[in-house]
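A closer look at the structure
Letter by letter, the chains look like this.
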Number of protein chains: 4
Amino acid sequence: MPKVTEAHLEARRQQILEAASSCFARKGFHHSTMHDICAEAQLSPGAVYRYFSSKEEIIEAMAEEERVRALGYIEAAKQRGDTLELLNELANVFFGVVEDEWQQMCKLDIEVWAEGLRNPRVMGLVRRTFDSHLESFAEIVRMAQERGDINPALDPEAVAHVMMSFFEGLVLQKGMDPGIDVPNYVAVMKAMMKGTFWTGRTLEGS
Amino acid sequence: MPKVTEAHLEARRQQILEAASSCFARKGFHHSTMHDICAEAQLSPGAVYRYFSSKEEIIEAMAEEERVRALGYIEAAKQRGDTLELLNELANVFFGVVEDEWQQMCKLDIEVWAEGLRNPRVMGLVRRTFDSHLESFAEIVRMAQERGDINPALDPEAVAHVMMSFFEGLVLQKGMDPGIDVPNYVAVMKAMMKGTFWTGRTLEGS
Amino acid sequence: MPKVTEAHLEARRQQILEAASSCFARKGFHHSTMHDICAEAQLSPGAVYRYFSSKEEIIEAMAEEERVRALGYIEAAKQRGDTLELLNELANVFFGVVEDEWQQMCKLDIEVWAEGLRNPRVMGLVRRTFDSHLESFAEIVRMAQERGDINPALDPEAVAHVMMSFFEGLVLQKGMDPGIDVPNYVAVMKAMMKGTFWTGRTLEGS
Amino acid sequence: MPKVTEAHLEARRQQILEAASSCFARKGFHHSTMHDICAEAQLSPGAVYRYFSSKEEIIEAMAEEERVRALGYIEAAKQRGDTLELLNELANVFFGVVEDEWQQMCKLDIEVWAEGLRNPRVMGLVRRTFDSHLESFAEIVRMAQERGDINPALDPEAVAHVMMSFFEGLVLQKGMDPGIDVPNYVAVMKAMMKGTFWTGRTLEGS
DNA sequence: CATGAATGAGGCTTCATTCAT
DNA sequence: AATGAATGAAGCCTCATTCAT
């Protein structure tokens, strides 16, 4: 029987991860020192190293958390049968997050992307995130094509990639400039999605 | 080595910048040491510091080069009057780049985005890149709306943002996974753009 | 190593300062590397940088210590009412220091003077040292003049400057050549001071 | 027959030495880079290295120049037979130098002293300077003692040391603060010298 | 379990010096 | 003889990590 409950351990982990996220969003992975993270978490280095064996591991754990969170968003939205509604839902989920938190999330995502370029573990996480999103989107597209909602000439995977771009581009642009007009962005996004829908005319496509 | 031509100096600068780009794309800004860059450029530290007064400055110069290059792409494409053709052109320009170089460019872009989050100078460059792209796109959209090509209910700026996402998303996805099927991606992109064109039906916009 | 007493921290500081002094006296500020100081203090660079944030700061702290020490000497001597006795006292204080330590002190002083020429902070310290000595001497002279001991035609400040020269010159000469005959030097110094005393003849002052 | 006259070579040497002196007085030996010196001398590094094989050598040459100049001062003054007049002469010589040049000279002296502590060659120069001054002063004192001007109980060498302090202290104090009142300083100095003169009373001395 | 002082490898940068032109 | 671009050793400092208390 450990002296501390499992829950307490997990709470400490979270505490560190949150401190790290805050630092990372503010200063980036490489400008955030372990000292910064310790200070933010109000913990000593020794304590932090009880929960994570390296800074790398903290980054990875943080990226993993992001992945799970993002997965949650899309899973929640996927419940909606209607294709267009999915975008609404995703947008709503995004809107549900407090502004500051969202901004931080965007920055962390960008940071994680860059980190993925040289840390294979992080890359793995990013790819898994991308792949699961891709798969979700592709499935939706395929269903819509079967229903005749979407032009069957379009490659479902490719549509999924573009849909991902909608969100990744928004994350990037909001990360760089929080002032972007999101509702209008979503409106355009939906108009474009709607435009890919079957309209009786053949979309020559390319 | 006595006084040397201006061209030689500029060539050296390029040599260093290319070496740096190569390192940065391979290992990221923060894992590339000056030593790495020097080795890649086949130059001594002292020589490199004749041309750039800090690693930071190399990063910034590199980001600036990226900005100018990106600007060139879109300017070249903007010559085309037809709205849809713009996408073709941009895609062609992208395709015109050798595969490896493109891949490297994508990685550098991602790297630069992340760097922008904490280096105000780099952020400035990124913002300027984004802004000039945005403006180009918005102008195209406005012209298309005047011609009746695009639904006038859509905010031109917002459309521009989404168009930027098309490309940024592609850059990100290709950066993370070079295997992405670009032609199909472009096809979908064009289909979606075409879908925003005026079709006689009102796009309610949300 | 957990939290440690305030005294221990101060002891470490002293340990570093002493190591630095030793290096500085032996090799000068600019030929003493941080590595030298660390080795002398038997501490790692990281440890030293916990206590001083730069080599510069070590130099300044050392100069400040010298200042305080010098202040102590003169303050101790000032207790003596009799004018001539002051010189005796100062000389005694000097003699009270172990030979090696004195030699080191002289070298450090010379080093600090030179450093003062380009480090404004050090210059500030040197000036303050000089000023407080000057003031002490001038006060003594004024009192001696009131008692009729010293020719009232002489500017007390100027006398103080010359008195300072007695000591600074000795420091310099001993720093350059430890073999100087100090007792004889002091004897002459006192004879000269005595000579400025009122003797019934008017000293025309030039 | 060299392409350049001996005189031209010497002129270049002087040009470099003057540039170096200027830099050294302004920034000290160790903060003056060869680049600084080259810039000040309007010469390229290669050119400078034709005349001096190292920075060290420039420092030493400069110190040697200072030594010779100082020697000239005292030699000039020594012509005067009268003891007190020597001080007048030395003071006059000092006064004869333009203010700025003097200030620079003081700083260089201080710099040279410090450098002497760790460069045996420079130390040799300083010692030689000191020794020749000492000898000159001692000789004067001995002569004065023979004439009965100065208390014969005083060690001529010791008096010489103190006389040197008069000047070294002034150099130091003026180096640190150009505002010092030199005429008054000299007046006191002379009063003190006069006080060591034989007055009929025995100066108990020590 | 926690603390935080200490470690030390390694990064960025400077600058005295060289040498091809 | 002069030039100035290039060299590369070495210095200062940071920071992820450890471990005695």
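Described below are features of the structure shown in this document.

The rules behind these values
- Residues numbered from 1 in each chain as written.
- Chains lettered and ligands numbered in written order.
- Predicted model: local features only at pLDDT ≥ 70, side-chain atom pairs only at ≥ 80, totals over all residues.
- Heavy atoms only, no water.
- Helix = DSSP H or I, 4+ residues; strand = E, 2+ residues; numbered from the N terminus.
- Buried < 20%, exposed > 50% of the residue type's maximum accessible area, 1.4 Å probe, protein only.
- Contact = heavy atoms within 4.5 Å.
- Polar contact = N/O pair within 3.5 Å; in protein donor to acceptor, adjacent residues only side chain to side chain.
- Least-squares fit on C-alpha atoms with pLDDT ≥ 70 in both.
- Core = buried A, V, L, I, M, F, W, Y, C linked by side-chain atoms within 4.5 Å.
- Disulfide = S-S within 2.5 Å.
- Axes fitted to C-alpha atoms, helices over the stretch in contact; angles between N-to-C directions.
- Parallel < 35°, antiparallel > 145°, perpendicular 65-115°, else oblique.
- Nonpolar A, V, L, I, M, F, W, Y, C, P; charged D, E, K, R; others polar.
- Salt bridge = Lys/Arg side-chain N within 4 Å of Asp/Glu carboxyl O.

Thoughts on the environment of Asn119 of chain C
Residues and elements named next belong to chain C. For Asn119, the location among the structural elements is in the loop between α6 (99-116) and α7 (120-146). On the basis of relative accessible area, Asn119 is assigned to the buried category, the value being 5%. Each C-alpha atom of the pair Asn119 and Cys23 lies 19 Å from the other, and the pair is 96 residues apart in sequence. Setting aside residues no more than four positions away along its own chain, Asn119 makes contact with Glu56 and Glu60. Polar side-chain contacts of Asn119 include one of 2.8 Å to the backbone nitrogen of Arg121.

With respect to the relation of the copies chain C and chain D
Mapping one chain copy onto the other needs a rotation about an axis and a shift along that axis. Placing chain C over chain D gives an RMSD of 0.1 Å and needs a rotation angle of 179°, together with 0.0 Å of translation along the axis. Those values place the two copies in the arrangement expected of a two-fold rotation axis. Of every C-alpha in chain C, the one belonging to Gly195 of chain C sits nearest the axis of rotation, 1.8 Å from it. The overlap is high: 98% of the interface residues of chain C also sit at the interface in chain D, so the same surface is used on both sides.

Things to note about the nonpolar core
In this structure, Trp113 and Phe166 of chain A together with Trp113 and Phe166 of chain B are the most contacted members of the largest nonpolar core, which totals 150 residues. Setting aside residues up to four positions removed in sequence, Phe166 of chain B forms contacts with Val162, Ser165, Phe166 and Met192 of chain A together with Tyr185, Met189, Met192 and Met193 of chain B. Judged by nonpolar contacts, the second largest core, of 149 residues, contains Tyr73 and Val97 of chain C together with Cys23 and Ile140 of chain D.

Description of the environment of Arg128 of chain A
Looking at the secondary structure, you find Arg128 of chain A in helix α7 (residues 120-146). Residues Arg128 of chain A and Glu64 of chain A, spaced 64 residues apart in sequence, show a C-alpha to C-alpha distance of 9.8 Å.

A short note on the state of the cysteines
The bond known as a disulfide is covalent and runs between the sulfur atoms of two cysteines. Tallying each qualifying case throughout the model produces zero disulfides over all chains. The structure places no disulfide on Cys23 of chain B, whose sulfur is separated from the nearest cysteine sulfur, that of Cys38 of chain B, by 9.2 Å.

Observations regarding the arrangement of the chains
Taking C-alpha atoms only, the smallest gap left between chain B and chain C, which are not in contact, amounts to 20 Å. With no contact formed, the shortest span from any C-alpha in chain B to any C-alpha in chain D equals 10 Å.

A short note on the packing of helix α6 (residues 99-116) of chain A against helix α8 (residues 156-176) of chain A
Residues and elements named next belong to chain A. Where α6 meets α8, the closest approach of the two axes is 8 Å, and the angle between their N-to-C directions is 110°. Considering the angle they form, α6 stands roughly perpendicular to α8. Note on element contacts: α8 touches α6 through Glu168, Leu170, Val171, Leu172, Lys174, Gly175 and Met176, opposite Glu99, Trp102, Gln103, Cys106, Lys107, Asp109, Ile110 and Trp113. By residue class, the composition of the contact of α6 with α8 is eight nonpolar, two polar and five charged.

Considerations on the pattern of salt bridges
Residues and elements named next belong to chain A. Considering all chains together, one arrives at 32 salt bridges over all chains under this definition. A salt bridge links Arg69 to Glu66; its shortest N-O distance comes to 2.8 Å. Remark: Glu66 and Arg69 occur in helix α4 (residues 55-78); sequence separation between them is three residues, near one turn of the helix.

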